[in-house]
Amino acid sequence: MAQSMFVIAQSNSDIYDIIDTVSEERLRQDVKTLANFGTRHTLSDTLSNTRGIGAARRWIKTQFEDISKACDDCLDVFYQKDLVKKGTNQRIVKDVMVVNVVAIQRGTKYPNRFIIMSGDIDSRVSDPNDFTSDSPGANDNATGMAGAIEAARVLSKYQFENSIIYVGLSGEEQGLFGGQGLAKYAIDNDWDIIGVLNNDMIGNITGVDGVIDNRTFRIFSEPVPPTETEQQRKARRFYGGEVDGISRQLARYVHKTVKSYMPEMNPMMVYRLDRFGRGGHHRPFNDVGFPGIRIMEAHENYTQQHQDIRTENGMDYGDTFEHVNFAYTKKLIAVNAITMASLASAPPAPTTVEIGGIVEPSAKLKWNTVEGAKGYKIYWRDTTSPTWDNSRYVGNVTEFTLKGIVIDNFYFGVASVGDDGFESVVVFPNKIMR
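Counting starts from 1 at the beginning of each chain's written sequence and moves along it residue by residue. In keeping with the model being predicted, local features are shown solely for residues with a pLDDT of at least 70 and side-chain atom pairs are shown and tallied solely at 80 or more, while totals for entire chains, interfaces and linings include all residues. Water and hydrogen atoms play no part in the side-chain values, which are based on all heavy atoms of the structure.

### A look at the sheet that holds strand β8 (residues 292-297)
Step number 1: Spatially, the eight strands line up as an open sheet ordered β1-β2-β4-β3-β5-β8-β6-β7, and their pairing is mixed. Two strands bound the open sheet, and with one partner strand each, they are β1 (75-84) and β7 (266-271). With direction set aside, neighbouring strand axes in the sheet form an average angle of 25°.
Step number 2: Pairing between two strands is assigned when DSSP locates at least 2 bridges connecting them. In this description a helix means any DSSP run of H or I spanning at least four residues, a strand means any run of E spanning at least two, and both kinds are numbered starting from the N terminus. Relative to β8, strand β6 (residues 216-221) runs antiparallel, the two sharing four bridges. Following the sheet pairing, Phe220 is matched in β8 by Arg294.
Step number 3: Set on the sheet, helix α3 (residues 53-70) makes contact with β1, β2 (96-105) and β4 (162-169); between it and β1 the angle comes to about 160°.
Step number 4: Should any heavy atoms of two residues lie within 4.5 Å, those residues are counted as being in contact. Every angle, taken between N-to-C directions, lies between 0 and 180 degrees, and every axis is a line fitted to C-alpha atoms, over only the stretch in contact when it is a helix. On top of the sheet, helix α6 (residues 177-188) reaches β1, β2, β4 and β5 (192-199); it is set at about 115° to β1, its chief contact.

### Some details on the environment of Asp244
Step number 1: Take Asp244: it is sitting in the loop between α7 (230-239) and α8 (246-261).
Step number 2: A sequence separation of 20 residues divides Asp244 from Val224, and the C-alpha atoms of the two residues are 6.5 Å apart.
Step number 3: Filtering out sequence-adjacent residues up to four positions away, Asp244 remains in contact with Pro223, Gln249, Arg252, Arg381, Trp388, Tyr411 and Phe428.
Step number 4: Pairing of N or O atoms within 3.5 Å defines a polar contact, subject to two protein rules: one partner must be a possible hydrogen donor and the other a possible acceptor, and residues neighboring in sequence count only if both atoms are side-chain atoms. Within the structure, Asp244 has its side chain in polar contact with the side chain of Gln249 (distance 2.8 Å).
Step number 5: At a separation of 2.8 Å, a polar atom in the side chain of Asp244 contacts the side chain of Arg381.

### Section: the state of the cysteines
Step number 1: In this description, the term disulfide denotes a pair of cysteine sulfurs within 2.5 Å. Scanning the entire structure with this criterion turns up one disulfide.
Step number 2: Each sulfur in the disulfide pair Cys71 and Cys74 lies 1.9 Å from the other. Judged by the sign of its S-S torsion, about -80°, the bond between Cys71 and Cys74 is left-handed.
Step number 3: Cys71 gets classed as buried once you look at its relative accessible area, which sits at 13%.
Step number 4: Note on exposure labels: buried denotes an accessible area under 20% of the residue type's maximum, exposed denotes more than 50%, and partly exposed covers the range between, all computed with a 1.4 Å probe on protein chains only. When its relative accessible area of 22% is taken as the criterion, Cys74 is described as partly exposed.

### Some thoughts on the nonpolar core
Step number 1: What we call a nonpolar core is a set of buried Ala, Val, Leu, Ile, Met, Phe, Trp, Tyr and Cys residues that are connected through their side-chain atoms within 4.5 Å. Grouped together as the largest cluster of nonpolar side chains are 69 residues, with contacts concentrated most on Ile60, Phe64, Leu155, Tyr166, Phe217, Met262 and Met340.
Step number 2: A total of 12 residues in this core trace back to one element, the largest contributor, which is helix α10 (residues 326-344).
Step number 3: If sequence neighbours within four positions are ignored, Leu155 has contacts with Ile18, Gln105, Phe160, Ile164, Tyr166, Ala337, Met340 and Ala341.
Step number 4: Among the nonpolar cores identified, the runner-up in size contains 18 residues, and Trp367, Val370, Ile378 and Trp380 belong to it.

### Topic: α3
Given 3.6 residues per helical turn, the α-helix brings residues three or four places apart onto the same face.
Step number 1: Over its 18 residues, α3 runs 26 Å from end to end, which matches the ideal 26 Å to within 8%, given 1.5 Å per residue.
Step number 2: All buried positions along α3 are accounted for by Ile53, Gly54, Ala55, Ala56, Arg57, Trp59, Ile60, Lys61, Gln63, Phe64, Ile67 and Ser68.
Step number 3: Where α3 is buried, its residues contact α2 (24-35), β1, β2, α4 (138-155) and β4.
Step number 4: Just past α3, the residue Asp72 takes up positive phi, approximately 60°. Any helix carries an expected span of 1.5 Å times its number of residues minus one.

### So, α6
Step number 1: In a regular helix each residue adds 1.5 Å, so 12 residues correspond to 16 Å; α6 covers 16 Å between its end C-alpha atoms and thus fits that length.
Step number 2: Here α6 has its buried residues at Phe177, Gly178, Gly179, Gly181, Leu182, Ala183 and Ala186.
Step number 3: Taken together, the buried residues of α6 touch β1, β2, β4, α5 (172-175), β5 and α9 (283-287).
Step number 4: Directly after α6, the chain includes Asp190, whose backbone phi takes a positive value near 55°.

### What to know about unusual backbone geometry
Step number 1: Asp140 connects to Asn141 through a cis peptide bond whose omega is 10°.
Step number 2: Tracing the backbone through its elements, the reader meets Asn141 in helix α4.
Step number 3: Notably, Met201 is not glycine yet its phi reads approximately 70°, a positive angle.
Step number 4: Position of Met201 relative to the elements: it lies in the loop between β5 and β6.

### Brief notes about the packing of aromatic side chains
Step number 1: In this scheme Phe, Tyr and Trp rings, the latter by its six-membered ring, pair at centre separations within 6.5 Å, and the angle between planes marks the pair as stacked below 30 degrees, edge-to-face above 60, and tilted otherwise. Summed over all chains, the structure comprises 11 aromatic pairs.
Step number 2: With centroids separated by 6.2 Å and ring planes inclined at 40°, the aromatic side chains of Tyr158 and Phe160 adopt a geometry described as tilted.
Step number 3: An aromatic cluster is built from Phe78, Phe114, Tyr185 and Trp191, whose rings are joined through pairwise contacts.
Step number 4: Either the NZ atom of lysine or the CZ atom of arginine qualifies as a charge over a ring when it sits within 6 Å of the ring centre and within 35 degrees of the ring normal. Above the face of the Phe321 ring, Lys32 is positioned so that its terminal group lies 4.7 Å from the ring centre.

Have a look at this one:
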């Protein structure tokens, strides 16, 4: 991002420009193109140039390549793929190559640190194994896929210290296979992942419950990583942190960024991995210990999800183009873009945050020095609050005492702050000072 005078609060005119640059018309065109491939089922045709997931992924790759040409080859575009064998689960009825389309915008200072935005390429109808019937998947999930392309168009005009990945994931409807493949690829290539923003269904404002809402969206995040150790689990019993895992902190970061730059929007944090009993493509990243969240509409219409296209008793079923509200989709892509721009402009977060102050009238915090940090900010909140409501910038020190703030009554965290005021994700204490 462009350098400016250091400020404690996150504020940068580029962020507002990014919001304004997201194009509703381009999103409309791209969703229409994706829906017009007929079906994008994971097991559908890969040879046709006009129908099936093969044609869709080739078109997506071309879009990323065209964006790269416009920014002097600033994107590294490639396929990441894995063979999934017939019978892996009940939805894999034949061998299939699950192919993701990846575009990497390398950071200038931390090229191996990544913030990832994903959308799903594939679609389905009522029968998850029907890979020939029309399945336009306009909202689920051409909106998320078109959004990743649009975010690349907008953010590729800027340079960031950290890397950004825009990706179309396949195989979501058949068992989250694309996310599994890319998560393994990330581990194999030693990627340092700041967070994953999974966008899945971001275009509907008219809920099946009759509610119409073009401002609210949900941010799903799990409380703590499934990879935590037994020692970490036991520590939570005495020190807290049941709702302060790395994915939950990422969700709070999105919430704070939106409230700062898009106050007309209503980010709704949902304290759950995903919808009740359901799943999304952030989960495979969570499964291996990476922070990841799902961003999606607040009010779903189930008559348009995973449905054969038909009319029954005067009601139209199916996930078709006319149901998408593109003004709303534009807003949610802006949410993603400003979150990624902020994180990609921030220094790394502290890795170790110690806390002390037992039976004292003050809370003490200590953290490691972070390369590239101008200073640090301490956050705290009531133990029942969902958001970091209080903060203090403490400058370029690595130890600080909050006098008069009793450790028993609050939760605490520390973020790194860069030269231009952009902050890392808040880190919850992971060590006790005795």
